[in-house]
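Chains, contacts and geometry: an overview
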Amino acid sequence: QVQLVESGGGLVQAGGPLKLSCAASGIMLNNNQLGWSRQGFGKQRELVATITEWGLTRYGDSVKGRFTISRDGTKNTAYLQMNSLKPEDSAIYYCKVVNVNTGAYWGQGTQVTVSS
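On a predicted model such as this, the values are computed, not experimentally measured, just so you know. (Residues numbered from 1 in each chain as written. Predicted model: local features only at pLDDT ≥ 70, side-chain atom pairs only at ≥ 80, totals over all residues. Heavy atoms only, no water.)

1. A few points about the overall build of the chain
Helix and strand counts for the chain stand at zero helices and 11 strands. For the chain, the N- to C-terminal ordering of α and β elements is β-β-β-β-β-β-β-β-β-β-β. Taken along the three principal axes of its C-alpha coordinates, the chain extends 40 × 25 × 25 Å. Out of the 116 residues belonging to the chain, those deemed buried represent 41%. (Helix = DSSP H or I, 4+ residues; strand = E, 2+ residues; numbered from the N terminus. Buried < 20%, exposed > 50% of the residue type's maximum accessible area, 1.4 Å probe, protein only.)

2. Considering the environment of Y105
Within the secondary structure, Y105 is located in strand β10 (residues 103-106). What Y105 contacts, discounting residues up to four positions off in sequence, is V2, L4, I27, C95, K96, V97 and N99. A distance of 2.8 Å separates the side chain of Y105 from the side chain of T102, its partner in a polar contact. (Contact = heavy atoms within 4.5 Å. Polar contact = N/O pair within 3.5 Å; in protein donor to acceptor, adjacent residues only side chain to side chain.)

3. Describing the sheet that holds strand β8 (residues 77-82)
Ordered in space as β1-β3-β8-β7, the four strands form an open sheet in which the pairing is antiparallel. The open sheet terminates on both sides in strands that have one partner only, identified here as β1 (3-7) and β7 (67-72). Adjacent strand axes in the sheet meet at a mean angle of 15 degrees, parallel and antiparallel pairs treated alike. (Pairing = 2+ DSSP bridges. Axes fitted to C-alpha atoms, helices over the stretch in contact; angles between N-to-C directions.)

4. Regarding the packing of aromatic side chains
Counting across every chain of the model gives one aromatic pair. In this structure, R45 packs its charged tip against the face of Y94, placed 3.8 Å from the ring centre. (Phe/Tyr/Trp six-rings, centres within 6.5 Å; stacked < 30°, edge-to-face > 60°. Lys NZ or Arg CZ within 6 Å of the ring centre and 35° of its normal.)

5. Looking at the state of the cysteines
Tallied over the entire structure, the rule returns one disulfide. The residue that forms a disulfide with C22 is C95, at a sulfur-sulfur distance of 2.2 Å. As the torsion about the S-S bond is roughly -80 degrees, the C22-C95 disulfide counts as left-handed. On the criterion of sequence distance, the pair formed by C22 in strand β3 (residues 18-25) and C95 in strand β9 (residues 91-99) is long-range, its members being 73 residues apart. Judged by relative accessible area, C95 falls into the buried class, the value being 0%. (Disulfide = S-S within 2.5 Å.)

6. Side note on the environment of L4
Tracing the backbone through its elements, the reader meets L4 in strand β1. Along the sequence, L4 and A24 sit 20 residues apart, while their C-alpha atoms lie 4.6 Å from each other. What L4 contacts, discounting residues up to four positions off in sequence, is C22, A23, A24, C95, K96, V97, Y105, W106, G107 and Q108.

7. Quick notes on the pattern of salt bridges
Counted according to the given criterion, the structure contains four salt bridges. A salt bridge links R38 to E46, with the shortest nitrogen-to-oxygen separation between them at 2.6 Å. Between R66 and D89 there is a salt bridge, and its shortest N-O distance comes to 2.7 Å. Taken as a pair, R66 in the loop between β6 (57-59) and β7 and D89 in the loop between β8 and β9 lie far apart in primary sequence, 23 residues in all. Accessibility classification places R66 together with D89 in one group, the buried group. Taken together, the shared-partner salt bridges in this structure form one network comprising R38, E46, R66 and D89. (Salt bridge = Lys/Arg side-chain N within 4 Å of Asp/Glu carboxyl O.)

Encoded structure:
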């Protein structure tokens, strides 16, 4: 059974950093594409960042240069380092892993709130 557990969310002041984690079980992150998405209040879910099995990364325009996606195969954990946070970054952040054979898996989300 695949399980993704996000952590690291919280309240932070604008301009500050925050690092999210996504601990995986039942699936190897190194062998699959993973990503972070977010959904703000009253907004549609948007893709924030992705990383492929080969380490290629992509970012949404609104977070380029501020967010960094990474993973640690030894811990089977993905990360999203967020710097220079803005109030508009406030959202629930979700971790997603996609396996070409079995499909997509989502975590339960972690709330990030950026105060101005």
